[in-house]
Amino acid sequence: MTTPLLQLTDLNVTYEVGDKEVLAVRGVDLTLDPGGTLGVAGESGSGKSTVAMSVLRLLPRTAKITGEILLDGEDVTAMKWGRLRAVRWAEASVVFQGAMHALNPVRKIGEQIAEPLRLHPPSGKALTDDQVDARVAELLTQVDLPPSRAGAYPHELSGGQKQRVMIAMALACSPRLIIADEPTTALDVIVQAQVLALLSKLVAEQHIGLVMISHDLSVLAATCERIAVMYDGQIVEEGPSAEVMGSPQHDHTRALAAAFPTVGDPVSRFAPATAGPLPPEPSGREAGEPLLAAENLRVSFRDRTGKRINAVAGVDLTVSRDEIVALVGQSGSGKTTLARTLLGLQKPDSGVVRYAGNPVPTGGAGLKAYRRQVQLVLQDPTSALNPAHTVYEAVAEGPRIHKLADERAVVHRALEAAELRPAEKFADRLPHQLSGGQRQRVVIAGALALEPSVVVADEPVASLDASVRGEILALLLRLRREFGLAALVITHDLGLAWNIADRVAVMYRGELVETGTVEQVLLDPRHEYTKSLLAALPGGTAQHRAVET
Amino acid sequence: MTTAETPRQIAWSRRRASLIRTWREFSGQRAALAGLVLLGATVLVALLLPLISDEDGLNVTKATGQPLSPPNADFWLGTDNFGRSVLLLTVWGTRISLLVGFSAALLSVVIGTLIGIAAAHFGGWVSATLLRFTDFFLVLPSLILAIALSAVLPKGVGTIILAIGLTAWPSTARLVRAQTLTIESRPYIERAHALGGGHLHIIGRHVLPGVMPLVLANTTLVVGNAVIADATLSFLGVGDPNSITWGLVLENALNNGAISRGAWWNVLPPGIAIVLVVLFFTLVGRGLETVFNPRLKK
């Protein structure tokens, strides 16, 4: 039997916070064979990153590690500083989360890839500049970047390219183990698929062991042989990917798996993962009258060089009463600009926005009255709430602006409608005392307080944990079924559309390339771009799976 | 918490809690606390002066001492060329110096805050105009502008306050503008727009409370500068000749030959008084800045 590449035995990590000790990782056992791939799944705060960083002892000083970390049979916790330095990058390397911030913005990427080569020369003696350049070129080719890009600065690269540079850096010293911490978070679906494919290919070709961390089970299932699910510092489930995905044993795994539904799976249609029951579909539901409509809307910006960029290039879109429309597209497709224009926060170059048939006024009392009908829910609830305002003040902001009578009752109704019950319990809390999901509910309550008929939600769950995600989506669906509240949900996530939307509009480079019911668009896509979006889903669609098996 | 509490009460109890927190952080810094205590003592003395000392000693016709006598048992810090006690002059000088310092700082901070917020909030041509206006005042030597102003306007304490206040605001405006810009880029401002909030709402509910702590810290630093500016103007002879200020004592010492005759006791006490008061304000201001600006915390 070979020595495992990585073996964690009874790993415990405690952080000292103030004078308290917080147990971040409790009794974790993990084994990875050479060339094997292991996914670690979990929500924020589950301790998954702490486990990964403990392998190279990259944790802050306040962390205390007990237990055994064997890297190629050698105990990392007992290593001297010099040995540890040699092991880092030469034996095991890390692809850090958020490529935008992990690269030095003022150095060329070629130099940054060369850095580990110069610090840890593979043969033990320093490399000549020519050798370094040759190796950098080789690495860039491996990650599908032209070697001429070595002279580029990070800001000249796209998010996916930057992530590939990070992978090239990790490969530089031909390590035996790569630890990838959320390598595809903040990337678009299509780019994510490319990065994952590249990582899998390189790992398989060069027989490198891979530990990949993610909150998204489907991403892990697409890349890793085995998956370990962490919850509250412990591993609650471990097994082959297909088993963990297909028949999850632990409740938490089930919640994680359900949070990212398979497109085309009838079980998850109109059924976001939620603990509470959903009200039944009201009977006799028929197409309501159009509420919010964009007609040939165009918005353009000037970039730094003065060139015009058409962010929204002639869009026609309607949202009717009692329906949820999902606007899908990747970042930079103009979907947020479209939403801001619909809300009257951005002036269109041409075209009109109509509400209930009438053009939306561009200012004054008319615009203010329009704001009571169409409300906004932002992506990141943490920054969408003033940190100095209590929940009550945040929700009461709208009613105060519009001088609504009986503010207390309005606020309480809105908090209850957003499922923050009992309302009194939350009224005097500050945003930092709430969880991410509760904060998003406060933002939604703030919008509901004005009793709008349409809510425009810009990536409402993108910054939330998997288990909260389903609850927020269920809330939107409940609001639609109970009060007939229409919603335009902007997202990059097709699973979300499958979960709650009635219709889907696919946006690509400022234009709507495909619009139709969810079933039409997602199960029988017409446009090439929609097809490539669906093909890039890490979990695939239910149809594809049926074809494969 | 009981449900009977109104939101207003909740808001007040929260404000009180945050005030106590701020005070704890502030009083944790020994230098800042010392500055505050000494500053408080100085202000107290200045306010109580008419009760604890005799104003007659400032009148040249009623002066009792020999001209320019060195420090002795009767006059601890000696006398000036009129035979007045330098100690008395220095202590009385505190009143006008602090009055001018506080009023001028308040004036300049109010102007600076208004212009800073307006420049950041409205953008476009409003911002361009206000910023060029600010730059104009920023590049103009403020001392010369203040001299020109106090020479043109009728002499008096009010003129000095106006002259300093109208020249010291540009740095505050720049600071407030920068802080306003960072606040206005936060998504909760977008949310407030979408809720239907107008300019007044956004400035009053979100921007002003956000910049206030920084403005407060800035004010204490501006007061120190205003005290120096006041002394400078009086020393140059454009101040109010009828009120006793540290600058006036220094001017007097220069004009009447006290310095050339080696009467150091006419120069050092007011000079040291200026240094001390400015030091106290700086200590308090730095302490406040550390509390309010998280980036300065270690």
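Residues numbered from 1 in each chain as written. Chains lettered and ligands numbered in written order. Predicted model: local features only at pLDDT ≥ 70, side-chain atom pairs only at ≥ 80, totals over all residues. Heavy atoms only, no water.

Some thoughts on the overall build of chain A
Quick note on the threshold: Under the DSSP-based scheme used, a helix requires at least four consecutive residues in state H or I and a strand at least two consecutive residues in state E, with every element numbered from the N terminus. For a compact globule the rule gives 2.2 Å times the number of residues to the power 0.38, and the radius of gyration it is set against comes from C-alpha atoms. Burial status follows relative accessibility: with a 1.4 Å probe on protein chains alone, a residue under 20% of its type maximum counts as buried, one over 50% as exposed, and anything between as partly exposed. Contacts were defined at the residue level, with two residues in contact if any of their heavy atoms lie within 4.5 Å. Values of accessible area rely on a 1.4 Å probe in the Shrake-Rupley scheme; residue burial ignores everything except the protein chains shown.
Along the backbone of chain A there are 22 helices and 20 strands. Here the C-alpha radius of gyration of chain A, 25 Å, is about what a compact globule of 549 residues would show, namely 24 Å. Referenced to the eigenvectors of the C-alpha coordinate spread, the extents of chain A come out at roughly 75 × 50 × 50 Å. When the 549 residues of chain A are sorted by exposure, 53% land in the buried category. Summarising the internal contacts of chain A: among those between residues at least 6 apart in sequence, 71% fall at separations of at least 24. Accessible surface, chain A as shown: approximately 23400 Å² in total, 51% of it carbon and sulfur.

A word on the overall build of chain B
As a reminder, the rule being used: Charge counting follows a simple rule: Lys and Arg are positive, Asp and Glu are negative, and His as well as the terminal groups are ignored. Every charge is mapped onto a representative atom, which is NZ of Lys, CZ of Arg, CG of Asp or CD of Glu.
Across its full length, chain B holds ten helices and zero strands. Reading chain B from its N end, one meets helices and strands in the order α-α-α-α-α-α-α-α-α-α. Along the three orthogonal principal directions, the C-alpha set of chain B runs to about 75 × 50 × 35 Å. The buried share among the 298 residues of chain B stands at 45%. Considering only residue pairs separated by 6 or more positions, chain B has 71% of its internal contacts joining residues 24 or more positions apart. Entry remark: accessible area of chain B is about 15300 Å², with carbon and sulfur atoms responsible for 68%. Of the charged side chains in chain B, 22 are positive and 14 negative, and the gap between their average positions amounts to 14 Å.

What to know about the packing of helix 8 (residues 199-235) of chain B against helix 9 (residues 246-255) of chain B
All names here are of chain B. For clarity, the cut-off: What counts as an axis is a line fitted to C-alpha atoms, over the stretch in contact for a helix, and the angles between N-to-C directions run from 0 to 180 degrees. Two helices that cross are described as forming a left-handed crossing if the nearer one is turned anticlockwise from the farther one by less than a right angle, and a right-handed crossing if clockwise. Charged means Asp, Glu, Lys or Arg here, nonpolar means Ala, Val, Leu, Ile, Met, Phe, Trp, Tyr, Cys or Pro, and polar covers whatever is left, Gly included.
Between helix 8 and helix 9, the least distance of the axes is 7 Å, while the angle of their chain directions is 35 degrees. When the axes of helix 8 and helix 9 are compared, the crossing they make is right-handed. Between helix 8, through Val 227, Ala 231, Ser 234 and Phe 235, and helix 9, the contact on the second element is made entirely by Trp 246, Gly 247, Leu 248, Leu 250, Glu 251 and Leu 254. Tallied by class, the residues present in the contact of helix 8 with helix 9 amount to seven nonpolar, two polar and one charged.

Quick look at unusual backbone geometry
Residues and elements named next belong to chain A. For the peptide bond that leads from Arg 421 to Pro 422, omega is -10 degrees, which places it in the cis range. Relative to the helices and strands, Pro 422 resides in the loop between helix 15 (407-417) and helix 16 (423-427). Notably, Trp 89 is not glycine yet its phi reads approximately 75 degrees, a positive angle. Relative to the assigned elements, Trp 89 resides in helix 2 (residues 81-90). Residue Trp 89 is classed as buried on the basis of its relative accessible area of 16%. In this structure, Arg 509 is a non-glycine residue whose phi angle is positive, near 50 degrees.

Here we look at the confidence of the model for chain B
All names here are of chain B. How we decide: On a scale of 0 to 100, pLDDT captures the predictor's confidence in every residue.
Per-residue confidence for chain B averages 84 on the pLDDT scale, and 95% of its residues sit at or above 70. By mean pLDDT, helix 1 (residues 7-27) is the weakest element of chain B at 78, and helix 3 (residues 86-122) is the strongest at 91. We note a pTM of 0.78 for the whole complex and an ipTM of 0.75 for its interfaces.

What about the interface of chain B and chain A?
For the record, the criterion: Buried area is calculated as the accessible area (1.4 Å probe) missing from two parts once they are joined, with the contributions of both summed. When a carboxyl oxygen of Asp or Glu is within 4 Å of a side-chain nitrogen of Lys or Arg, the pair counts as a salt bridge. Distance and chemistry together define a polar contact, namely a pair of N or O atoms within 3.5 Å, with one atom able to donate a hydrogen and the other to accept it when in protein, and with adjacent residues in sequence counting only for side-chain atoms on both sides.
The interface of chain B with chain A comprises 20 residues on the first partner and 31 residues on the second. Here chain B meets chain A over a buried area of about 2300 Å², counting both sides, of which 56% is carbon and sulfur. Among the residues of chain B in contact with chain A, B:Arg14, B:Arg191 and B:Leu195 are the three that bury the most area, contributing 30% of the side total. Our count for the contact surface shared by chain B and chain A stands at three salt bridges. One salt bridge connects A:Glu397 with B:Arg191, and the closest N-O pair in it is separated by 3.4 Å. At the junction of chain B with chain A, the criterion picks out twelve residue pairs in polar contact (both at pLDDT 80 or more). For the side of chain B that touches chain A, the elements supplying multiple residues, two or more each, are helix 1, helix 7 (187-195) and helix 8 of chain B. Looking at the side of chain B that touches chain A element by element, the count peaks at eight residues for helix 7 of chain B. By residue class, the composition of the side of chain B that touches chain A is eight nonpolar, seven polar and five charged.

Concerning the packing of helix 2 (residues 30-52) of chain B against helix 10 (residues 268-292) of chain B
Residue and element names in this part refer to chain B. The cut-off we apply is this: The scheme is simple: roughly parallel for angles under 35 degrees, roughly antiparallel for over 145, roughly perpendicular for 65 to 115, oblique for anything else.
The geometry of helix 2 relative to helix 10 is characterised by a closest axis approach of 8 Å and an angle of 135 degrees between their N-to-C directions. Relative to helix 10, the element helix 2 is oriented oblique. The two elements helix 2 and helix 10 cross, and the hand of that crossing is left-handed. The segment helix 2 lies against helix 10, with Ala 31, Ala 32, Gly 35, Leu 36, Leu 38, Leu 39 and Thr 42 engaging Val 277, Phe 280, Phe 281, Leu 283, Val 284 and Gly 287. The residue makeup of the contact of helix 2 with helix 10, split by class, is ten nonpolar, three polar and no charged.

Describing the sheet that holds strand 11 (residues 290-302) of chain A
Residue and element names in this part refer to chain A. Condition: When DSSP finds two or more bridges between two strands, those strands count as paired.
In space, the four strands of this open sheet follow the order 12-11-14-15, with antiparallel pairing throughout. The open sheet has two edge strands, strand 12 (308-320) and strand 15 (358-359), and neither has a second partner. By the bridge criterion, ten bridges tie strand 11 to strand 12 in an arrangement that is antiparallel. Paired with Pro 290 across the strands is Ser 320, a residue of strand 12. In this fold helix 11 (residues 335-342) packs onto strand 11, strand 12 and strand 14 (350-355), with an angle of close to 120 degrees to the strand it touches most, strand 11.

Observations regarding the pairing of strand 11 of chain A
By the bridge criterion, five bridges tie strand 11 of chain A to strand 14 of chain A in an arrangement that is antiparallel. Bridging from a neighbouring strand, A:Arg298 pairs with A:Ser350 of strand 14 of chain A.

Some details on a nonpolar patch on the surface
Stated precisely, the cut-off is as follows: Only residues whose relative accessible area exceeds 30% and that form no salt bridge are eligible for patches; like-charged ones are grouped when within 9 Å, while nonpolar side chains (Val, Leu, Ile, Met, Phe, Trp, Tyr) are grouped when within 5 Å.
Taken together, B:Leu44, B:Val45, B:Leu47, B:Leu48, B:Leu51 and B:Ile52 make up a surface patch of nonpolar side chains, about 630 Å² in accessible area. Within the secondary structure layout, B:Ile52 lies in helix 2.

Considering the environment of A:Lys403
Counting through the fold element by element, A:Lys403 comes out in the loop between helix 14 (391-401) and helix 15. Expressed as a C-alpha distance, the spacing of A:Lys403 and A:His215, which sit 188 residues apart in the sequence, is 43 Å.

Comments concerning the pattern of salt bridges
If you walk through the whole model with that rule in mind, you get 32 salt bridges over all chains. A salt bridge links A:Glu407 to A:Arg400, with the shortest nitrogen-to-oxygen separation between them at 3.1 Å. Relative accessible area serves as the criterion here: at 35%, A:Arg400 is assigned to the partly exposed category. A salt bridge links B:Arg286 to B:Glu289, with the shortest nitrogen-to-oxygen separation between them at 2.9 Å. Highlighted residues: B:Arg286 and B:Glu289, both in helix 10, separated by three residues, approximately one helical turn.

Some words on the packing of aromatic side chains
Residues and elements named next belong to chain A. To keep it simple, the criterion reads: Within 6.5 Å between ring centres, the rings of Phe, Tyr and Trp (the latter by its six-membered ring) count as paired, and their orientation is classed by plane angle as stacked under 30 degrees, edge-to-face over 60, tilted in between. Only when the NZ atom of a Lys or the CZ atom of an Arg is both within 6 Å of the ring centre and within 35 degrees of the ring normal do we say a charge sits over the ring.
Inspection of the entire model under this criterion finds nine aromatic pairs over all chains. For the cation-ring pair, Arg 269 lies above Phe 270, with the distance from its terminal atom to the ring centre recorded as 4.1 Å. Arg 269 extends its terminal NZ or CZ atom over the ring of Trp 498, reaching a point 5.2 Å from the ring centre.

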